[in-house]
Amino acid sequence: MNVALALVPDFALIALGWLLSRWFAPSVWQGIDRLSYHVLYPALIFHAASARPVALDDVLLLGLSAAAVLSAGLLLGLTTRRLRPDTPLDFGGRLQNAYRFNTALGFVAIGVLPASAASVLAIVVGCAIPLANVFAVVGLTRGQRMSAWKLVREVSTNPFLLASLAGLAVAMSGVTMPAPLAGIAERLAGAALPLVLLSIGAALAGARLWPLDRQALALHTIRLLVLPLCTWSAAMLFELRGIEIATLLLFAALPTATAAHVLAARYGADRAAVALLVTQSSMLGLLTLPGWAVLAVGLSS
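Here's a quick rundown of the structure. None of these values were measured; they are calculated from a predicted model.

Parameters at a glance
Residues numbered from 1 in each chain as written. Predicted model: local features only at pLDDT ≥ 70, side-chain atom pairs only at ≥ 80, totals over all residues. Heavy atoms only, no water. Helix = DSSP H or I, 4+ residues; strand = E, 2+ residues; numbered from the N terminus. Buried < 20%, exposed > 50% of the residue type's maximum accessible area, 1.4 Å probe, protein only. Contact = heavy atoms within 4.5 Å. Areas by Shrake-Rupley, 256 points an atom, 1.4 Å probe, with all protein chains shown as cover. Lys, Arg positive; Asp, Glu negative; His and termini not counted. Charge placed at Lys NZ, Arg CZ, Asp CG, Glu CD. Salt bridge = Lys/Arg side-chain N within 4 Å of Asp/Glu carboxyl O. Core = buried A, V, L, I, M, F, W, Y, C linked by side-chain atoms within 4.5 Å.

A few words on the overall build of the chain. A tally of helices and strands in the chain yields 13 helices and zero strands. Put simply, the chain runs from its N terminus to its C terminus through helices and strands in the order α-α-α-α-α-α-α-α-α-α-α-α-α. Taken along the three principal axes of its C-alpha coordinates, the chain extends 50 × 45 × 40 Å. Within the span of the chain, comprising 301 residues, buried residues form 50% of the whole. Put simply, 87% of the contacts in the chain that link residues at least 6 apart link residues at least 24 apart. About 13500 Å² of surface is accessible on the chain, with carbon and sulfur atoms providing 69% of the total. Here the chain holds 19 positive side-chain charges and 12 negative ones, and the gap between their average locations is 10 Å.

Dropping the structure here:
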């Protein structure tokens, strides 16, 4: 119930964006997407990654576990390439929905576990965000005639990647940010999600949420069912119990993130198609995530 209620404001803002699309020119939404890519979403990522102290030992163990979940999502997502006649760029945009994760919803869902799970999730997210952004940028630049050096530069200078690495560095250093700087990051982060949700709603103008095409169905199945099922199966097979594996299960079960839409817009992929997948994933997550939360509670004891 808490998960469902947490998503109500998101869907309301998406609906509002859909309504506002009739009154604002496309250039307005393009400006919002640029602002989100260069300023607001990097601030949100930095704030999420740096919010809690992180120990090096935890980074190694939980970071590798998070990398395994994301890599499985990417590899499984690649198998859906032939289910829809997309360009490499558009497929790169849609492919993000197989491995990206909704961080904000994660910190809501983690409420079903003991309080210490929030710190574990912060480490998992802090380690996973850089890798997710590397996957996304490489996928969105595939098919473009780009030298190896230019590709490395494009990946290494991506604002999402830089923000996540900076946030993780702050978290690992144990340094407390000065209050004015922390306040600026927090306020920018607070503005990111509402504007992105409005832009997603505008991108959905004229689109149909249902029925799902074959590739969308496959991507949602991977993101919402296969990844958490693999995580839970590994826990059963190796008899793993505790807060760490329970948190990892919830992380693996999260719907995709609005960042997928922001990056798709930045690199010129079909933003409407990605916005549609993000919305569908969130809606379907209302059905799947509570069930995984019950299993996570069982693993935590």
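From this point on, the discussion continues.
Another aspect to go through is the pattern of salt bridges. Applying the stated rule across the entire model yields five salt bridges. In this structure, the salt-bridge partner of R84 is D86, at a minimum N-O distance of 3.0 Å. Using a relative accessible area of 25% as the deciding quantity, one classes R84 as partly exposed. We classify D86 as buried; its relative accessible area is 13%. D86 is the salt-bridge partner of R94, the closest N and O atoms lying 3.5 Å from each other.

By size, the foremost hydrophobic cluster in this structure holds 83 residues, and its most contacted members are Y41, L70, Y99, F101, F160, I200 and F251. It is helix α6 (residues 117-141) that provides the largest number of residues to this core, a total of 14 residues. When sequence neighbours within four positions are dropped, the list of residues in contact with Y41 reads S36, F160, A192, L193, V196, T258, A259 and V262.

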